[in-house]
2 protein chains.
Amino acid sequence: MTPDQLDVVFGALADPTRRAILARLTDGDLTVGQLAAPFAMSQPAISRHLKVLEGAGLISRNRRATARLSHLEAQPLRDATEWLARYRDYWQGSHDRLDALLKSLQTEKPGRNR
Amino acid sequence: MTPDQLDVVFGALADPTRRAILARLTDGDLTVGQLAAPFAMSQPAISRHLKVLEGAGLISRNRRATARLSHLEAQPLRDATEWLARYRDYWQGSHDRLDALLKSLQTEKPGRNR
């Protein structure tokens, strides 16, 4: 992941609505209407957030029949976590566990087939 | 950490110069002059980045003799990693390690005394 990609990933994560959208998508793909339902926000406003998430690679959007579904993509979240995990020397007592995390992030492929 | 705090932390991380500053501070506290040296950037420009990092709680700045030193703070990086680690279900094969990480982040205090 290049520095520019990390910029847009962290930038996309810097918003509570976008983080909440990502959290909801962990349970499965959703339409913009389904995503908008719990928010006091219009569908166009939610669509703008989805565009930011898509630009950062955090979600993909696919048509299924007449619905356009948003799908969570794991890799940018892994890359962002990997960047943060480098600062493990500042987290006393969890070095070994973070070493294992870092190793697993570097060697394993993202899960969940589409 | 409240949603607002995560906003400013992720926002502060969405810049390559600020991430590079954090990386350099893992080796110890530095003055603005020392931090500016490797960048093709003026000290005032670096100072603006330091102000953003300080606002996010990612660094603190303390006077020592005549120098104002920037110091990396671990907790916001831990909190941001903890948020990201919730999406471990998307990272096949590393569930156990991430569970251990999450547990350690929730129970342990940040390391490194000032």
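So, here's what we can say about the structure. (Residues numbered from 1 in each chain as written. Chains lettered and ligands numbered in written order. Predicted model: local features only at pLDDT ≥ 70, side-chain atom pairs only at ≥ 80, totals over all residues. Heavy atoms only, no water.)

This part covers the sheet that holds strand β1 (residues 30–31) of chain B. All names here are of chain B. In spatial order, the strands read β1-β3-β2; together these 3 strands make up an open sheet with antiparallel pairing. In this open sheet, the two edge strands, each paired with only one partner strand, are β1 and β2 (59–64). One ladder, built from 2 bridges, connects β1 with strand β3 (residues 67–72); its direction is antiparallel. Pairing of Leu-30 across the sheet is with Ser-70, part of β3. (Pairing = 2+ DSSP bridges. Helix = DSSP H or I, 4+ residues; strand = E, 2+ residues; numbered from the N terminus.)

Attention shifts here to the nonpolar core. Of all hydrophobic cores here, the largest spans 47 residues; its most connected members are A:Leu13 and B:Leu13. Every residue in contact with A:Leu13, bar those within four places of it in the chain, is listed here: A:Arg19, A:Leu22, A:Leu58, A:Leu77, B:Phe10, B:Trp83 and B:Leu84. (Core = buried A, V, L, I, M, F, W, Y, C linked by side-chain atoms within 4.5 Å. Buried < 20%, exposed > 50% of the residue type's maximum accessible area, 1.4 Å probe, protein only. Contact = heavy atoms within 4.5 Å.)

Following the criterion strictly, the structure yields 3 aromatic pairs over all chains and no others. With a centroid separation of 5.9 Å and 75° between ring planes, the pair formed by A:Phe10 and A:Trp83 is classed as edge-to-face. One end of the pair, A:Phe10, is in helix α1 (residues 3–13); the other, A:Trp83, is in helix α5 (residues 75–85), and 73 residues separate them in sequence. Comparing A:Phe10 with A:Trp83 shows no difference in burial state: the two are buried. On the basis of an interplanar angle of 20° and a centroid distance of 6.1 Å, the ring pair of A:Phe10 and B:Phe10 is categorised as stacked. Of this pair, A:Phe10 sits in helix α1 while B:Phe10 sits in helix α1 (residues 3–13), each in a different chain. Across the pair, B:Phe10 and A:Phe10 agree in class, each one buried. Each member of the aromatic cluster is reached from another via a ring pair, and the members are A:Phe10, A:Trp83, B:Phe10 and B:Trp83. (Phe/Tyr/Trp six-rings, centres within 6.5 Å; stacked < 30°, edge-to-face > 60°.)

These figures come from the coordinates and say nothing about function on their own.
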